[in-house]
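Chain residues, written in single-letter form:
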Amino acid sequence: MSPFLISALSMAAAAALTLALAGMARAASTYPQGAPYLGGGTARTHAWQRYHFRPYPMTMVFIAFEMEMMFMYPWAVVFVTEGLKAMMEMGMFLAILSVGLLYGWREGAFRWQ
């Protein structure tokens, strides 16, 4: 058999299988399963309505502290050779992060809602 004939037969078999499965799926579904939202329930709001993502401030604070720890490990290695200069740089870095912490505290990022 030629390679062209084999690939044509394979494509025809794939198309027939796809059409057969699509026909079975269409015949088996009823209205509630075929409804686009919550298995048949009606939507209470429009899909483009705005919403408030509540964990966002806590996520930002978590990322800030993760970045702090990511930079503190290499700093500990450099601190041995650099000394006071490295200590001042880390102090500035922690001061900037503490400003972010105070902002998060003021915005209520640590209050459970």
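Let me begin by describing the structure that accompanies this report. Remember, predicted model here, so these are calculated numbers, not experimental data.

1. As for the environment of Ala76
Then comes step 1: Along the polypeptide, Ala76 turns up in helix 3 (residues 56-82).
Then comes step 2: A C-alpha to C-alpha distance of 9.8 Å links Ala76 and Met90, two positions 14 residues apart in sequence.

2. Focus: the layout of surface pockets
Then comes step 1: Approximately 210 Å³ is the volume found for the second largest pocket.
Then comes step 2: Of all the elements in the fold, those that place two or more residues in the lining of the second largest pocket are helix 3 and helix 4 (84-107).
Then comes step 3: Residues of the lining of the second largest pocket, tallied by class, amount to 10 nonpolar, two polar and one charged.

3. Notes on helix 4
Given 3.6 residues per helical turn, the α-helix brings residues three or four places apart onto the same face.
Then comes step 1: With 24 residues, helix 4 extends 35 Å between its outermost C-alpha atoms, agreeing within 8% with the 34 Å of an ideal straight helix rising 1.5 Å per residue.
Then comes step 2: Within helix 4, burial applies to Ala86, Met90, Leu97 and Gly104.
Then comes step 3: Looking one or two residues beyond helix 4, the residue adopting positive phi is Gly108, at roughly 85 degrees.

4. Describing the pattern of salt bridges
Then comes step 1: By the definition in use, this model includes one salt bridge.
Then comes step 2: Residues Glu107 and Arg106 are paired through a salt bridge, measuring 3.2 Å at the closest nitrogen-oxygen approach.
Then comes step 3: Taking relative accessible area as the criterion, Glu107 reaches 45% and is therefore assigned partly exposed.
Then comes step 4: Classification of Arg106 by relative accessible area gives exposed; the value is 62%.

5. A few points about the packing of helix 3 against helix 4
Then comes step 1: Between helix 3 and helix 4, the least distance of the axes is 9 Å, while the angle of their chain directions is 170 degrees. The pairing of helix 3 with helix 4 is recorded here as roughly antiparallel in orientation. Here Val61, Ala64, Phe65, Met67, Glu68, Phe71, Met72, Trp75, Phe79 and Glu82 of helix 3 come into contact with helix 4, specifically with Leu84, Lys85, Ala86, Met87, Met90, Phe93, Leu94, Leu97, Leu101 and Gly104.

Criteria and cut-off values
- Residues numbered from 1 in each chain as written.
- Predicted model: local features only at pLDDT ≥ 70, side-chain atom pairs only at ≥ 80, totals over all residues.
- Heavy atoms only, no water.
- Helix = DSSP H or I, 4+ residues; strand = E, 2+ residues; numbered from the N terminus.
- 1 Å grid on protein atoms, 1.4 Å probe; cavity = no way out; pocket = protein on both sides within 12 Å on 5 of 7 lines; lining within 4 Å.
- Points joined across faces, edges and corners; volume = space filled by probe spheres on them.
- Nonpolar A, V, L, I, M, F, W, Y, C, P; charged D, E, K, R; others polar.
- Expected span 1.5 Å × (residues − 1).
- Buried < 20%, exposed > 50% of the residue type's maximum accessible area, 1.4 Å probe, protein only.
- Salt bridge = Lys/Arg side-chain N within 4 Å of Asp/Glu carboxyl O.
- Axes fitted to C-alpha atoms, helices over the stretch in contact; angles between N-to-C directions.
- Parallel < 35°, antiparallel > 145°, perpendicular 65-115°, else oblique.
- Contact = heavy atoms within 4.5 Å.

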